[in-house]
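Coordinate inspection notes
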Amino acid sequence: MSKVKAALKQYFSDFRYVFYCMLHPFKGFWELKHDKKARMAVSVTLYILFVIAGLIFKQFAAYSFNTFAVRPENINVFSDAGVFILIVLLWCYSNWGITTLFNGEGSVKDIFHYTAYSLMPYIIFTLALTVLSQFMTVDEGTIFTFLNFLGIFWTGLLLYCGTMVTHQYGAIGTIFAIICIALGMALIMFIGMLFFFLLQQIFGVVYTIYREVTMRY
């Protein structure tokens, strides 16, 4: 029992470092990589919380601010989680591939961690807006939109700082790298879709030949 308590105490101590990275991104992400302060359990928790926060907003945010409230049957935890996992994988591997070409110093593991730690502002603001939407009117939509933008912007800023610190780029170099990473993600998706389409075509040809053979003999 004492080991469990010690493990939980250590976990919550590690989790508090997420808030330090939110407020001190340059030093926080530097220590995350070079001082080995990143923890896999914390990163996985943050990814799970990101998906849960989005689902909670879709399910419980007030009708006036929630387009998903019109068709709640379209909310699907498996599809949302699947899309999110795909985006994270594309981001991590495209990030690693592109930055390797540009002499970046981060590994896939480093990218995985700083991306997770960057998501905390979005998680907090999404959950807070879910609650606030119950008390806000349509006339206060500007405030709602601003707070939503603030959460997204803060997370985007942390991703920018994480990319800069992890790969040791300058300000302009980081922007260029992120643009290339986004293009790399699109290219990987295109190649993946093309490969899937070719597999479908091959399967169709093989199946057609099989039907012809079985019908003749």
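Heads up: the structure comes first, above all this text.
Residues numbered from 1 in each chain as written. Predicted model: local features only at pLDDT ≥ 70, side-chain atom pairs only at ≥ 80, totals over all residues. Heavy atoms only, no water.

**Concerning the layout of surface pockets**
What the largest pocket holds in volume is close to 640 Å³. In this structure, the largest pocket is lined by 27 residues; those nearest its centre are F50, G54, F84, I87 and Y122. Looking at the lining of the largest pocket, the elements that each hand over two or more residues are α3 (40–60), α4 (77–101), α6 (120–132) and α7 (141–167). Classifying every residue of the lining of the largest pocket gives 17 nonpolar, eight polar and two charged. If you add up the space inside the second largest pocket, you get close to 200 Å³. Lining the second largest pocket we find 13 residues, and of these Y47, I48, V51, F84 and I85 sit closest to its centre. Among the secondary structure elements, those contributing two or more residues to the lining of the second largest pocket are α3 and α4. Taken together, the residues that form the lining of the second largest pocket break down as 13 nonpolar, no polar and no charged. (1 Å grid on protein atoms, 1.4 Å probe; cavity = no way out; pocket = protein on both sides within 12 Å on 5 of 7 lines; lining within 4 Å. Points joined across faces, edges and corners; volume = space filled by probe spheres on them. Helix = DSSP H or I, 4+ residues; strand = E, 2+ residues; numbered from the N terminus. Nonpolar A, V, L, I, M, F, W, Y, C, P; charged D, E, K, R; others polar.)

**Observations concerning the packing of aromatic side chains**
Enumeration over the complete set of coordinates arrives at 13 aromatic pairs. Here Y11 and F12 contribute two aromatic rings whose centre-to-centre distance is 5.4 Å and whose plane-to-plane angle is 75 degrees, an arrangement assigned as edge-to-face. For Y11, a relative accessible area of 22% corresponds to the partly exposed category. On the basis of relative accessible area, F12 is assigned to the partly exposed category, the value being 49%. Following the ring pairs from residue to residue traces out a cluster consisting of Y47, F50, F84, F112 and Y122. (Phe/Tyr/Trp six-rings, centres within 6.5 Å; stacked < 30°, edge-to-face > 60°. Buried < 20%, exposed > 50% of the residue type's maximum accessible area, 1.4 Å probe, protein only.)

**Considerations on the nonpolar core**
Of all hydrophobic cores here, the largest spans 36 residues; its most connected members are F29, L32, L46, W91, Y114, Y117 and M120. If sequence neighbours within four positions are ignored, M120 has contacts with F15, V18, F19, M22 and L46. Counting seven residues, the second largest nonpolar core, distinct from the first, contains F57, A62, F65 and L129. (Core = buried A, V, L, I, M, F, W, Y, C linked by side-chain atoms within 4.5 Å. Contact = heavy atoms within 4.5 Å.)

**As for unusual backbone geometry**
With phi around 60 degrees, N103 is a residue other than glycine that occupies positive phi space. Assignment of secondary structure puts N103 in the loop between α4 and α5 (108–118). With a relative accessible area of 67%, N103 lands in the exposed category. Positioned with a positive phi, Q168 is a non-glycine residue whose angle comes to about 60 degrees. With respect to the secondary-structure elements, Q168 resides in the loop between α7 and α8 (171–216).

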